[in-house]
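# A closer look at the structure
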Amino acid sequence: FLQMNRNKRGMTYNPASERGREITRKLVETADIVVANLPDETLARMGLDYSQLRLVRPDIILVTMSAFGSEGPWKSRVGFDSIGQAMCGAAYLSGTEAGPARTQVSWVDFSTAVHCAYGAVLAIMQRQKTGAGQHVRGSLLASAINGTNAQIIEQELTARSRPPLGSDA
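What comes next concerns the included structure. Note that the structure is a prediction, hence the values are computed from the model and not measured. (Residues numbered from 1 in each chain as written. Predicted model: local features only at pLDDT ≥ 70, side-chain atom pairs only at ≥ 80, totals over all residues. Heavy atoms only, no water.)

## So, the overall build of the protein chain
Where we set the bar: Helix and strand definitions follow DSSP, with helices as H or I runs of at least four residues and strands as E runs of at least two, each counted in order from the N terminus. Two residues qualify as a contact provided that any one of their heavy atoms is within 4.5 Å of a heavy atom in the partner residue. The method behind every accessible area is Shrake-Rupley, applied with a 1.4 Å probe, and residues are considered shielded solely by the protein chains displayed. Counted as positive: Lys and Arg. Counted as negative: Asp and Glu, with His and the chain ends omitted from the count. Here the site of a charge means NZ on Lys, CZ on Arg, CG on Asp, or CD on Glu.
Scanning the protein chain from N- to C-terminus turns up eight helices and three strands. Starting at the N terminus and walking to the C terminus, you meet the elements of the protein chain as α-β-α-α-β-α-α-α-β-α-α. Expressed as lengths along the three principal axes of its C-alpha atoms, the size of the protein chain is roughly 55 × 35 × 35 Å. Partitioning the intrachain contacts of the protein chain with sequence separation of at least 6 by distance along the chain shows that 68% fall at a separation of at least 24. Here the protein chain has roughly 11300 Å² of accessible surface; of this, 57% comes from carbon and sulfur atoms. Across the protein chain, the 18 positively charged side chains and the 15 negatively charged ones have centroids separated by 7 Å.

What follows is the structure, given as structure tokens:
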């Protein structure tokens, strides 16, 4: 908490309540970017999806991160860094013969955040040219696969089965 939230101010409120919606409206009126890590359906129920935020501020940039993206059968599922590490093969590669192991660094979370921050910067630059906002989307699974892309491609093309290396290698 001290590392990630130094010099930040925060508050707790229920954005789905009537009072919470009023607070959200006032915040969005003065915001450049709204960041959320909930599935699209949840954001819509809370009145925080892109179409509803645009009613408050037409040039708003919404940055959302989800576990599995905004399309497909898993779009409403939640997930965490360790799920991304497991699904992209990284937990297998960093494990041992006894089984897979999650790396101690939450690199899937961090890389997703970096991808989304980069997308937000590009959206700001585009808004300066066009005046339009946009919805920037990030996915833990997409970031995880991006991080292990070379190994996944190698496995597919060569059928080389890498042994798990553990954290000692």
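## Quick notes on the sheet that holds strand E2 (residues 61-66)
Neighbouring strands of a sheet are bound in pairs by backbone hydrogen bonds; such pairs are parallel or else antiparallel. To keep things clear, this is the line we draw: What makes two strands pair is DSSP finding at least two bridges between them. Axis definition: a line fitted to C-alpha atoms, limited for helices to the stretch in contact. Angles are taken between N-to-C directions and run from 0 to 180 degrees.
Taken together, the three strands give an open sheet; going across it, the order is E1-E2-E3, and neighbouring strands pair in parallel fashion. Both outer strands of the open sheet, strand E1 (33-36) and strand E3 (134-139), are each paired with one neighbouring strand and no more. If you compare each strand with its neighbour and ignore which way they point, the axes differ by 15° on average. The strands touched by helix H6 (residues 107-130) within the sheet are E1, E2 and E3, with E3 carrying the most contacts at an inclination of about 165°.

## Some thoughts on the side chain of Gln-85
Positionally, Gln-85 belongs in helix H4 (residues 81-87). Not counting residues up to four positions away in its chain, the partners in contact with Gln-85 are Ala-90, Ala-91, Arg-102, Thr-103, Val-105, Trp-107 and Val-108.

## Some details on the pairing of E1
Here is the rule we go by: For each residue, the accessible area found with a 1.4 Å probe, counting protein chains only, is set against the maximum for its type, and the residue is called buried under 20%, exposed over 50%, and partly exposed in between.
What you see with E1 is a clean split: Val-34 and Ala-36 sit on the buried side and Ile-33 and Val-35 on the side with no burial. Two strands pair when backbone bridges link them, and E1 and E2 are joined in this way by four bridges, in the parallel orientation. In the sheet register, Val-35 faces E2, and the bridge partner there is Val-63.

## Some remarks on helix H7 (residues 140-147)
Counted only if it meets this: Starting at the helix axis, one direction is taken to each C-beta atom, and the arc is that of these directions. Here a polar contact means two N or O atoms within 3.5 Å. Within protein one must be a hydrogen donor candidate and the other an acceptor candidate, and residues neighboring in sequence count only if both atoms are side-chain atoms.
Those residues of H7 that sit buried are Leu-140, Leu-141, Ser-143 and Ala-144. Down the axis of H7, the buried set is contained in an arc of 160°. They therefore lie on one face. The inward-facing, buried residues of H7 abut E2, H4, H6 and E3. Capping of H7 at its N-terminal end is provided by Ser-139; its side-chain oxygen lies 3.3 Å from the backbone amide nitrogen of Leu-141.

## Observations concerning a nonpolar patch on the surface
We count it as follows: For patch building, the residue pool is restricted to those with more than 30% relative accessible area and no salt bridge; the joining distance is 9 Å between like charges and 5 Å between nonpolar side chains (Val, Leu, Ile, Met, Phe, Trp, Tyr). The term salt bridge refers to a side-chain nitrogen of Lys or Arg lying within 4 Å of a carboxyl oxygen of Asp or Glu.
Where nonpolar side chains cluster on the molecular surface, the patch consists of Trp-74, Phe-80, Ile-83 and Met-87 and spans about 400 Å² of accessible area. Looking at the element boundaries, Trp-74 is found in the loop between E2 and H4.

Taken by themselves, the reported measurements are silent on function.
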